[in-house]
Amino acid sequence: MKPALANRLTPYMFLAPAGAVLVVALLYPIGYMVYASFLDWNPSQRIGEAEFIGLRNYVNLLGDDSFRESLWVTLKFSAIVVSLEMVIGVGLALLLDRNIRGMSVLRTLFILPMMIAPIVVGLMWRYMYHPTVGIFNRTLKNLGLEPIPWLSDGSWAFASVIIADIWQWTPFIFILSLAALQSLPQSAIEAARIDGANGWQQIVYIKLPLMMPVLVVTCLLRLIDAFKVLEVILVLTNGGPGLSTEILSLRISRTASEFRELGEAAAMSNYLLLLLLLLTLAMFFYNKLAEARAMRLRAAAEVDEI
């Protein structure tokens, strides 16, 4: 082999083992799931014995009211929790980005909820939401107020799972936002301060635009995770009352395990995968714009410093 050709091929040879692992561990299961979605398949059959039905699973799902309701609950849940978590998490990061005594301990306490297993989080909140012995209704009773049907009413149950998710995953937004905030060029902030910008103006016009590339990626990671949340809702409400808290991941699990329709569950998974892919592409292009704006701000700060 010629030396020049060998030099060009060397990087690809080093990447080949990782590429092979990626194909086996990622692409093969996705291909298997896509193939399974074209079958009328149940767990009592081998996949080779299942009847090929083409796009029937996809068409049937589009006409299934329960599937459409689960998809709507998933979209609504993800949009609400991620929006609130981003606002609270970024706000806490801005608030705690200070050199105050004991602040490191406070930061550590804020990130404890996301270290707890989701099953434990679900059980903990289920006990707190208990209609008679739960801490919330006991507090309301002591105040002379009527108890709230936290998990037995559709609207309250949906709000309850949102509260539990916000409690657990806002620390994830907080810790990434704080890391982004502490990595900002101090020259840009100092230049804004010299120009007379107050604290709020520094946040709106300097800090948030510079943090935006990290915030976009953080938001995307939380969106993907919110679409797949399962354990907390399973323990809290099991999708009820009715379909008020049945998100798509729970319906996929139920379709495969209880209804024994593996092909239909695979089709649902592919719909979810396609939705996440579209969201990822949209966030990717927006992130490119955010990075370009952040680079312009950094360049302007360097010019002012010179």
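For the structure itself, consult the block above.
Here the structure is a predicted model, which means the values were calculated and not measured.

Draft legend 1. Structural context of the overall build of the protein chain. A tally of regular secondary structure across the protein chain gives 12 helices and 2 strands. Secondary structure elements in the protein chain, listed N-terminal to C-terminal, are α-β-β-α-α-α-α-α-α-α-α-α-α-α. Its C-alpha atoms give the protein chain a radius of gyration of 25 Å, more than 25% over the compact-globule value 19 Å for 306 residues. If you line up the protein chain on its principal axes, its C-alpha atoms span 85 × 70 × 30 Å.

Draft legend 2. Quick look at the nonpolar core. Ranked by internal contacts, the top residues of the largest apolar core, which has 54 residues, are Phe77, Val82, Met86, Ile233 and Leu236. Residues in contact with isoleucine 233, not counting those within four places in the same chain, are Phe77, Val161, Asn238, Gly239, Thr245, Ile247 and Leu250. Of all hydrophobic cores here, the second largest spans 7 residues; its members include Ala93, Leu96, Phe174 and Leu178.

Draft legend 3. Looking closely at the side chain of glutamate 85. Note that glutamate 85 resides in helix H3 (residues 65-96). A residue is classified by how much of its surface remains accessible, and glutamate 85, at 0% relative accessible area, is buried. When residues no more than four places from it in sequence are discounted, the contact partners of glutamate 85 are Val90, Asp165, Ile166, Trp169, Thr170, Ile173 and Arg222.

Conventions used here
- Residues numbered from 1 in each chain as written.
- Predicted model: local features only at pLDDT ≥ 70, side-chain atom pairs only at ≥ 80, totals over all residues.
- Heavy atoms only, no water.
- Helix = DSSP H or I, 4+ residues; strand = E, 2+ residues; numbered from the N terminus.
- Rg over C-alpha atoms; globule rule 2.2 N^0.38 Å.
- Core = buried A, V, L, I, M, F, W, Y, C linked by side-chain atoms within 4.5 Å.
- Buried < 20%, exposed > 50% of the residue type's maximum accessible area, 1.4 Å probe, protein only.
- Contact = heavy atoms within 4.5 Å.

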